[in-house]
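These are the residues of each chain, in order.
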Amino acid sequence: MTQRAAIVLNLNGVDHAISVEPRRTLADAIRDDCGLTGTHIGCEHGVCGACTIIVAGEAVRSCLMFAVQADGKRIRTVEGLADGEQLHPLQEAFIAHHALQCGFCTPGFLMLSLHALERDPDLGDEELLDLLASNLCRCTGYQNIVKAVRGAAAVMRAGVVR
Amino acid sequence: MSAGVAVPTGWVGRSLRRIEDPALVRGSGRFTSDLPAALWVRFVRSPVAAGKILRIVAPPGARMVTAADLAAVGPIRPMLHKFNYVPIEQRVLAADVVRFVGEPLAAILAPSREEAEDLAERVHVEIDATSAIVDAYAAIAAGAPLVHAQARGNIIVDARVATPGFAAASAAARHRVRLRIRSRRQNALPLEPRAAHAAWDPVERRIILHCSTQMPHLMRTIIAQLIGMAESGLRVIAPDVGGGFGQKMSLAAEYVVVAWLARSLRTSVAWTEDRRENLIASFHARDQHIDLEGMFDDAARLVALRADVLANVGAYACYPTTGAVEALMAMAEMPGPYDVRDYSCTARGVLTHTCPMAPYRGVSRPVITFAIERLMDKAAAAFGIDAPTIRRRNLVRAFPYTTATGLVFDEASYVETMDAAVLAADLPAFRARQAAARLQGRYLGIGMSTFCERTGYGTPAFAARGMDVTPGWETVVLGIDPSGCVEARIGSSPHGQGLRTALSQIIADELGVSPERVTVVHGDTDRTPYGWGTFASRSLVIAGGAALMAARKVRAKLIGMAADLLEAAPEDIVLGDGVARVSGTDRAMAIDALARAAYHQTHRFKGTFAPGLAESATYDPPGTFSNACHIALVEVDIETGRVGIEKFLVAEDAGRLINPMIVDGQIHGGVAQGIANALYEEVIYDAGGDILTATLADYLPPTAREIPPIALHHRETLTEASLTKAKGVGEGGTIGAPAALINAVNDALAPFGVSIDEIPATPQRIRDALRAAAAAKA
Ligand code: FES
Ligand code: FES
C-alpha cells in the first residue's frame, strides 16, 4: 500500500499538512507524523481508551479512526488542554486527587472527561461512572479518577476557568 | 512501637503533590514508544505451542533476522543454585523448536510499523507441530512430552522443607482441615505495552537503549553479556514507564534483539509490542495448584501445616528470578502471619508449552494468602467460631518472631490491625442485614483476610532463594551543587509510583531545604549509580534508606562547614528553611551560601573539609513486614453468578507513611488488581496450547464500574528494620484482596453448601458450583 493521501490535521488550532497512507490510524498520524505524543496507544483495538481525543466535538478512540477521516476537522488532544502555564481544571484536579500514577492512561481520561463535562458539567454520579468505565487504568483503582473528575466538574460549573 | 498515625513535623508524612504529575497531565511525559526510529521491528511469532521449525522464509525484498543470524548471541539462562533447579535456555529467537504460542521466531525490519507488519504477515513459517502440554498436572504425568529434554518430568524446581517436629505434631493433631485451591493464570497488564528503542551513537560508538523496564542497570548487564559486548558500550535509559507490576522486571528477549540490531546495523531500531503480543507472549503469572492441610488443637490453634504447591512456569525461565520464584515464595511464606511451629511443604515448578511466568505484583502471595485464608475460614466453620476469632487465636503477637521457615518478622500489629478492620466493618450489623436479605432471597457475604508481606528485603533474602544474581541493596549519590540545588541520583527505577516525590520529602527533611530544591534522577545507567530497580515493594524502603544515609552524610558536612564559618559548635547548628543557624542566636548562613563555599571558597575551611558536597550511601536492609487486614462485603446474584462488591475495607500497617496520598494510591491500585484476580481476569489456553484471551475484550481488566470505593485505615508501627521506618506497600493491596473476596463469596453462598476455591470466581464457576450443589441435593 504505497499510495498516499495529502491531508491536513488541525490539532489544537494548528494545521499539520501531512501525507499518509489511507490505512494509517489517526493515533499514529498524530503521534508519528505530527509529533504530538501525548495521545497514547494502549491496545489499538478500541478497548483501553488511552488514545481518546476529541474530533469535531466528539470524543473518539483515535486508534479506531483513519487519519484521512479527520482531514480538515478540528482535533483536540491533551497537549491543547492547558492554557500556557495555566493548567485546565481537569489537569489540576487529577494532580490534586492523585488520579494518576504512571500517567499512561491519563491523556485518554482527561480528554474523555473534558468532552463529557463540556457537554454537561452536571453529570450525575452514575453517569460519571458509566463514562469513566469506557477507559482502562491499571494503576489507580479508579477511585481517585472519579474524585478528580467530580472535583473538576464543580470547578467548571462555577466557571472559574473557561 | 506506636499506634495510629503520627502528625508530621517535617515534609515526611505530608501528602505532597507529586513532582511527576505536571508533565504527565500535559501529555509531555516521555515514553519509549514516543521516540522516532529509522527502522521498526515486527516479530514473527510461533502460531503453534510445540513443534520443530522446518522453514522460515521471508517474502522477497524483506529484511529478516532469525536465530541463525544471532548465533553469537547467548541464550537467556537464569540460574538458581538450590532446590534441584534445572537450568534451561531460551534463545532470543527460537532455533529448531518452538515451545509456546507467541514465541518470537524472526524479526522483520522496515521503515515503518505498518510495513514491518505487512511483511511479517507474509513470512512463510513451517513448523512440524508436536503435542503440547498446557496443564501443570498433565506435565508431570508419566509419559508427558518434555518441554526441555534436560528437565525430567518437566520439573525445573523441586523444593522441600519440613520442620523436625512436623511428623509428630501432625500425627498428634486432633483436628484436620484440608483444601485444594487453584489460581488461574493472569497477566500483569501494564497499560503501556513493552517497548524498546536502540540507537547507535556514532560519536561515542555505543548503543543507547531506551526501554520500558523496571531494572535498567540489570538490563544493561544482561543484554551486554548476551550480545557479547562491554557494558560500557551500552547505555540503558528507562524513561517514563507506563506501569510494570513485575512484568517489566524480567528481561524481554525482544529487547536483546532490538539492541543487537541497532549495533549490527549502526542505526536506530524500535519495537513496541501490540496488546495481542503483550497478552500472549510477554509474561504470565499465578498459575498454581495448592493442596493445603492444617492441623489444629482443640482450641483451634494451628499446630502444623502441610502444603503441596505446583506452579506452572510456562516454557522458559525468566531472567533474573527464574520461573521458580512463585513456587519458592509459596514455600517460604505459606504460613502467613500465623504462629505455627511445624510445617512441611513441597513446591515444584513445572514446564509447559505456555507463555513463561514471571513475577507479578504480589508474586505468589495473592495465591498463598487465598489458600491459607480459605483454610482459616474452613477451620473456623469446623470449630463453630467466627473468622476474626480463629485468626486472633493464631496471629503472631510477639516480635521479633522467627517463622518455621526462618523468616524474621519485625515489629508489627497483626492483631491490632485486624481488630481495627473488624470494628470498622461492623460485623454484628452486617450479620443482621445478611439474615434479613436472605429472607428475601438475596445473598450477602462478608470475608476477610489477614496477612503480612515481606517488603524491602536485601541480598540475604535473594541469596536464600539460591539466585545467581542477588539483588537487594540500593545506592544513592546525593549532592548539593554550587547554587544550592540538591540532586539525588538513584540506582532504583520507579515506573509510576511517585518515588521521586517521596524521596525528595525524606531528603528535604534531613537537609533543611524545601522538597522543590531536590531533584531525583533515575532510570539512566549513565547518570545513576548501579542499582536494582523497582520490585518486591522495595524502592521506598531501600532507596529511601540509602537516600536518608546519604543525606545524613551531606548534612553532617553542611553542619561542620556552618560551624566553622559561623564560629559555633556543630551541636549548636540547626538546619531548616534553607538556612543553617546557630541555635539561640541570630547568626545564620544560607545553605546556598554554604554550598557555594564548599566549591568556590574552599580556602575558608583551611583544609578541614574536602571540596564539594556530594556523598554516596548504600543500604542493604534485612527486610521488614507490612501487615494488613482486608474485609470485603459482597452480594452474589445466584441466578447469574455475578458478584457485586458492596464495600471494600483495608486496614494497613506500612510503618511510617512518607507520603500518605501516594500510599493510599498504591493500596487502591493494588486492591483493584486483587479484585481483578479474584473475579475477572484469566488467561485461557485451549487444550492444544492456543491462547483464547488475546484481546482486552476477552481478558477482562476491570473498569471504574467494577472497582468500588475502598475505605482505608492506617496504623504506623515504627520498625527498627527500616532506616526511614517505612515499610513497603506496593503489593499488599493485591495480596489480600482475592482471599477476602472469595471468603465473602463463600460466606454469601453458605446456605448452599458450596465451596469456591478457584480464582477467578467467574459467574460461570459460581453457577457451576451452585448447580453441582443443587444436583447433589436432588
Ligand atoms: S489504544 Fe485506542 S482504545 Fe486502546
Ligand atoms: S495511571 Fe497508570 S494506567 Fe492509569
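Residues numbered from 1 in each chain as written. Chains lettered and ligands numbered in written order. Predicted model: local features only at pLDDT ≥ 70, side-chain atom pairs only at ≥ 80, totals over all residues. Heavy atoms only, no water.

## Focus on the pattern of salt bridges
If the charged atoms of two oppositely charged side chains come close together, the side chains can form a pair. Residues and elements named next belong to chain B. The following threshold applies: Salt bridges are identified by distance alone: a Lys or Arg side-chain nitrogen within 4 Å of an Asp or Glu carboxyl oxygen. Secondary structure follows DSSP: runs of H or I at least 4 residues long count as helices, runs of E at least 2 residues long count as strands, and numbering of each begins at the N terminus. Only protein chains enter the accessibility calculation, which uses a 1.4 Å probe; a residue whose area is less than 20% of its type maximum is buried, one above 50% is exposed, and one in between is partly exposed.
Taken as a whole, this structure holds 63 salt bridges over all chains when the rule is applied. Where Glu758 meets Arg184, a salt bridge forms, and the shortest distance between an N and an O atom there is 2.7 Å. With Glu758 in strand E29 (residues 758-759) and Arg184 in the loop between strand E8 (175-183) and strand E9 (195-201), the pair connects residues that are 574 residues apart, well separated along the chain. By relative accessible area, Arg184 is classed as partly exposed at 27%. Here Asp757 ties to Lys378 by a salt bridge, and the two come within 3.4 Å at their closest N and O atoms. A residue pair is termed long-range when its members are at least 10 positions apart, and Asp757 in the loop between helix H18 (732-748) and E29 and Lys378 in helix H9 (residues 365-383) qualify at 379 residues. Shared partners join several salt bridges into a network, and the residues in it are Arg42, Arg45, Glu117, Arg194, Glu254, Glu273, Asp274 and Glu277.

## A few points about the domain arrangement of chain B
All names here are of chain B. The condition is simple: All the domain ranges listed were derived from an automatic or database domain assignment. Accessible-area loss on putting two parts together, using a 1.4 Å probe and summing over both, is the definition of buried area adopted here.
Entries for chain B in the domain assignment read domain 1 (32-130 + 194-272), domain 2 (288-459 + 622-777) and domain 3 (473-619). The C-alpha centroid of domain 3 is placed 40 Å from the C-alpha centroid of domain 2. At the boundary of domain 2 with domain 3, total buried surface from both sides reaches about 1,400 Å², with 64% on carbon and sulfur atoms. Among the residues of domain 2 in contact with domain 3, Ile658, Leu723 and Thr724 are the three that bury the most area, contributing 39% of the side total.

## Regarding the sheet that holds strand E2 (residues 51-57) of chain B
Residues and elements named next belong to chain B. Using the following cut-off: Note on pairing: DSSP must find at least two bridges between two strands before they are called paired.
An order of E4-E2-E6 is seen for the 3 strands of this open sheet, with the pairing classed as antiparallel. Strands with a single pairing partner mark the edges of an open sheet, and in this sheet they are strand E4 (97-98) and strand E6 (124-129). For E2 and E4, the ladder comprises 2 bridges, and the chain directions are antiparallel. Pairing of Gly51 across the sheet is with Val98, part of E4.

## Considering unusual backbone geometry
Residues and elements named next belong to chain B. In this model, Phe399 is joined to Pro400 through a cis peptide bond whose omega is -5°. If you trace the backbone, Pro400 turns up in the loop between helix H10 (387-394) and strand E16 (401-402). A cis amide bond, omega 0°, links Ile759 with the succeeding residue Pro760. Examined against the element boundaries, Pro760 turns out to sit in the loop between E29 and helix H19 (763-777). Its identity is not glycine, yet Phe83 carries a phi of approximately 55°, on the positive side. Note on placement: Phe83 falls in the loop between strand E3 (63-66) and E4. Positioned with a positive phi, Leu189 is a non-glycine residue whose angle comes to about 55°. Position of Leu189 relative to the elements: it lies in the loop between E8 and E9. Exposure remark for Leu189: the relative accessible area of 4% places this residue in the buried category.

## A closer look at the packing of aromatic side chains
This is how it is decided: Stacked, tilted and edge-to-face are the three classes applied to pairs of Phe, Tyr and Trp rings, where Trp contributes its six-membered ring and a pair requires centres within 6.5 Å; stacked means planes under 30 degrees apart, edge-to-face means over 60, and tilted covers the rest.
As enumerated under the stated definition, the model contains 17 aromatic pairs over all chains in all. Look at Phe104 of chain A and Phe31 of chain B: their rings are 5.1 Å apart centre to centre, the planes differ by 80°, and that puts the pair in the edge-to-face class. With Phe104 of chain A in the loop between helix H2 (89-96) and helix H3 (106-119) and Phe31 of chain B in the loop between helix H1 (21-25) and strand E1 (39-45), this residue pair bridges two chains. For the pair shown, Phe104 of chain A and Phe31 of chain B are each scored as buried. Seen in terms of ring centroids, Phe462 of chain B and Phe535 of chain B are 6.1 Å apart; in terms of plane orientation they differ by 80°. Their pairing is edge-to-face. Here Phe462 of chain B, found in helix H13 (residues 459-464), pairs with Phe535 of chain B, found in the loop between strand E21 (518-521) and helix H15 (539-566); they are 73 residues apart in sequence, far enough to count as distant. Phe535 of chain B shares its class with Phe462 of chain B; the two are buried.

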